[in-house]
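# Observations on the three-dimensional arrangement
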Amino acid sequence: MSNYIVLVKQVPDVTQITDNAFDPESGTLIRSRLASVINELDAQALAFANYMKWQSRDNGAKILCLSMGPPMAEEVLRYALSRCADTVVLLTDKTLGGADTVATANPLAYAIRKIAKEVLKGCSDYYVVCGMQSVDGDTAQVPPQIAEELSLPCIAYVTGAEFKNNRFEFTRIISGGSQVVAAKKLPTVITVAKYEYPLFAPFARTRWANKTELIRWGSNDIKAAYIGVPGSKTSVIRVFPPGKSSRKCRQVSDVKSLANLLVESFKSSDDQAGRSGESQTAHYVLPSRRASRLDRGFEGTRKEKEDYEILGAKLRELGITDISRIDDTIKEKILAVAGEHFHKKALEDMIDGFKLTEPAYKGEVWVVAEHSGGVVHPATFELIGKARDLADSLETKVGVCIAGYNVEPMTKELIYAGTDNIYIVEDKLLRVFDPTAHRKAVADAISTYWPQIVLFAATPQGRMLAPMVSYRVGCGLTADCTGLDIKDSSRKGQIGILLQTRPALGGNVMATICTKNSKAQMATARPGVMKRLSPDNLRTGKLIRHKVQLTEDDVSLQVIKMELGTGQVNFGAKVIVSGGKGMQSRDNYEQLVSALCNSLQKKLNTDVERGASRAAVEQGFIERVHQVGQTGTSIGPKIYVALGISGAIQHMIGVANTKTIVAVNSDPNAPIFKQCDYYLVGTVEDTIPQLVRELE
Ligand SMILES: Cc1cc2nc3c(=O)[nH]c(=O)nc-3n(C[C@H](O)[C@H](O)[C@H](O)COP(=O)(O)OP(=O)(O)OC[C@H]3O[C@@H](n4cnc5c(N)ncnc54)[C@H](O)[C@@H]3O)c2cc1C
């Protein structure tokens, strides 16, 4: 009999943001001004657990819900009770506040142990069911880190479950397709990526839910190892509003104008317009290489940089170039003119900062390679490009860690892309990606060679592996970075640290994060943001074999079925026309997308290829090889036409490098309209035949 422990979180409602939710001075979102709701994917996870219980026909199975948060998080537990939960536990304590993912996963894992022992009376036949990620953090790190703490298998990105032969088989999203897997043992952690059948609350059950006692635990009840700010391994150093989209977001009112814009945009010679990517900042130089000891132009925050500029100017004015000459009299002179900018303690810290020249971390800059079927994932090459840049700044080498079986044929391409050393971990048990086996291999290599930076691609595989590896080796991790820079925080005694910038709260704010209490700095970076270097076939590199002892017990999942895109598709074409779920049917897709492709091909005299959203592929409108996006292919054509596509982040990641994005959607509030250059509100059935006529 399986039981279900569902994790639910109260989050700010980012779907209902009013103007007064933004700070007028800083432009950042004020979280406390947003309403609180249950995290949507957690509500789906709860419904999914209920569905699993129904599938197993086991009426005796219990659904327990656990939430960590302030006392008001009780509301989401009442929500769960009113739907299907039997028992709920609220973990609430001031000391738990301000936690990063490690200091969230750790207490939750301790609470799960306590639930298993005390509420489930030692029963180990249970699933921990979580939403894939929460809208405030968006990291997807907590569930794999809980699995790591509890030494459990973890099945991420689940979209379906079937109870067969007395066990569950789960369908889940993987890079390039989908997989059906089963856990080799219980308990198991699963993360739900999509389950669209919501639960409703009957009146009688709601009344019962409001009267039912919650179990409340504080920090002392669970005695977790990492809690709150002190237990965290990352800290946020800056929050700022996201930059304005470089897309035009212009509504076009008639089909004729849309046809003209398509032709003009194609003919325009500006190949870069609209393309997004990591913004370029000045190339970091180590303090020992700078013209002057007083040059602190690479501080991480504007305040630190400005304070050092003021201090440097004053020292130059006083004719001081030798830091050791700064005595109390000179300090008084500096404070007399700069006291409004920094106080005495800060001045002393800054002077100490001048003495530092060595980076805070030592070792290479590593990329963990992702590959499948003997082919390296494109995001790995992008990360190598970034790693090269970071390593050159830090005057160290680029390493790639590749775990698998028969991986050597892939190493040449990795070296040409900018790698110096390749760390190969080979074993038959690593032939197919298994989270725990690969985690063991990669974590073992990291803790042997200790690179200072480790980068993973923010693909479903990387977003699963990175949290497990970082948790295992005791390091902080920042997810889904869109910017990675080396900077100093001289005043805090840190030189050459990695600043990791990422979107948060559904992309409404940006946060810059740095690692603390860790031996290495780790991050996952979004595919399509970093730039791949042109391959240099003359580059040479070293292969280093690293042996890790693996046994069958290290493999946690049984892969039952795998569906990957196969076939030929020309995503190098200059124009790509994609259809989404809004195409309604395979016939519509066939007729409308093909008709528009043919007329654009004739009119523009160029290759035009068909693409699709994941939802369209899942509806069977076209083969998976045409899927564009995070788990499909990332493309960068001159023109991308999105028909009946809503604009989910996982889709838009794949078209970030497109010059012009054109969208047609019947919903005037479709999110894609805020991420494209030109859009027309209308149905594809009406618009496309007209557009074809106009083009012809
Ligand atoms: C781990 C993970 C990886 C993923 N990877 C990818 C990926 O690689 N690629 C990808 O695309 N998605 C991916 N997804 C799924 C993604 O989150 C979205 O669910 C998906 O992109 C939605 O596809 P869609 O826009 O076609 O469908 P929907 O979101 O359902 O949107 C359909 C749109 O069509 C419009 N519409 C309806 N009828 C009409 C009409 N008659 N005429 C015009 N418009 C109409 C609607 O207004 C709506 O905006 C991933 C999800 C996860 C969790």
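The structure under discussion appears in the preceding block.
What counts as what
Residues numbered from 1 in each chain as written. Predicted model: local features only at pLDDT ≥ 70, side-chain atom pairs only at ≥ 80, totals over all residues. Heavy atoms only, no water. 1 Å grid on protein atoms, 1.4 Å probe; cavity = no way out; pocket = protein on both sides within 12 Å on 5 of 7 lines; lining within 4 Å. Points joined across faces, edges and corners; volume = space filled by probe spheres on them. Helix = DSSP H or I, 4+ residues; strand = E, 2+ residues; numbered from the N terminus. Nonpolar A, V, L, I, M, F, W, Y, C, P; charged D, E, K, R; others polar. Contact = heavy atoms within 4.5 Å. Pairing = 2+ DSSP bridges. Axes fitted to C-alpha atoms, helices over the stretch in contact; angles between N-to-C directions. Parallel < 35°, antiparallel > 145°, perpendicular 65-115°, else oblique. Left-handed = near helix turned anticlockwise from the far one by under 90°. Buried < 20%, exposed > 50% of the residue type's maximum accessible area, 1.4 Å probe, protein only.

### Considerations on empty space enclosed by the protein
Here the structure, examined in full by the defined rule, presents two cavities of 30 Å³ or more. In terms of lining, the largest cavity is formed by V368, A369, E370, F456, A457, Q461, G462 and L465. Elements with a contribution of two residues or more to the lining of the largest cavity: strand 19 (453–457) and helix 15 (462–473). A class-by-class count of the residues in the lining of the largest cavity yields five nonpolar, two polar and one charged. Roughly 40 Å³ of volume is contained in the second largest cavity.

### Here we look at the environment of L557
Here L557 lies in strand 26 (residues 557–564). Spatially, the C-alpha atom of L557 lies 50 Å from that of G297, the residues being 260 residues apart in sequence. For L557, the contacting residues outside a window of four places in its chain are P153, C154, I155, R172, A182, A183, K184, D434 and P435.

### Some remarks on unusual backbone geometry
Cis geometry is adopted by the peptide bond preceding P187, which originates at L186 and carries an omega value of -5 degrees. Inspection of the secondary structure puts P187 in the loop between strand 9 (177–183) and strand 10 (188–192). Notably, S151 is not glycine yet its phi reads approximately 55 degrees, a positive angle. Along the chain, the position of S151 falls in the loop between helix 4 (142–150) and strand 7 (154–164). The backbone phi angle of N165 is positive, close to 45 degrees, even though this residue is not glycine.

### Digging into the side chain of S219
Along the chain, S219 falls in helix 6 (residues 219–222). Once you skip the residues sitting within four places of it in the chain, S219 turns out to touch D93, T95, L96 and I227.

### Here's the deal with the sheet that holds strand 12 (residues 234–240)
Ordered in space as 12-23-22-21, the four strands form an open sheet in which the pairing is antiparallel. Taken across any chain shown, the strands that pair with only one partner, and hence form the sheet edges, are strand 12 and strand 21 (483–489). Averaged over all neighbouring strand pairs, the angle between strand axes comes to 35 degrees, with direction disregarded. Sheet analysis places strand 22 (residues 494–504) next to strand 23 (residues 509–515), joined by five bridges and oriented antiparallel. Within strand 23, the position partnered with Q500 by the bridge is I513. Sheet contacts for helix 12 (residues 378–394): strand 21 and strand 22; angle to strand 21, the most-contacted strand, approximately 15 degrees.

### Here we look at the packing of helix 3 (residues 102–119) against helix 4
In contact at an axis separation of 8 Å, helix 3 and helix 4 are set at 55 degrees when each is read in the N-to-C sense. The pairing of helix 3 with helix 4 is recorded here as oblique in orientation. Note on packing geometry: the crossing formed by helix 3 with helix 4 is right-handed. Facing helix 3, whose interface residues are V102, T104, A105, N106, L108, A109, Y110, I112 and R113, helix 4 presents V142, Q145, I146, E149 and L150. For the contact of helix 3 with helix 4, the residue count by class is nine nonpolar, three polar and two charged.

### Re the pairing of strand 10
Strand residues, when the strand is regular, have side chains that alternate between the two faces of the sheet. Within strand 10, five of the five residues are buried, leaving the element largely enclosed by the surrounding structure. Residues T188, I190 and V192 point to one face of strand 10 and V189 and T191 to the other, with burial holding for every one of them. As paired elements, strand 6 (residues 126–131) and strand 10 share five bridges and run parallel to each other. Counted as the bridge partner of Y127 is T188 from strand 10. Pairing analysis gives three bridges linking strand 7 to strand 10, with the strands arranged parallel. What sits directly across from I155, in strand 10, is I190.

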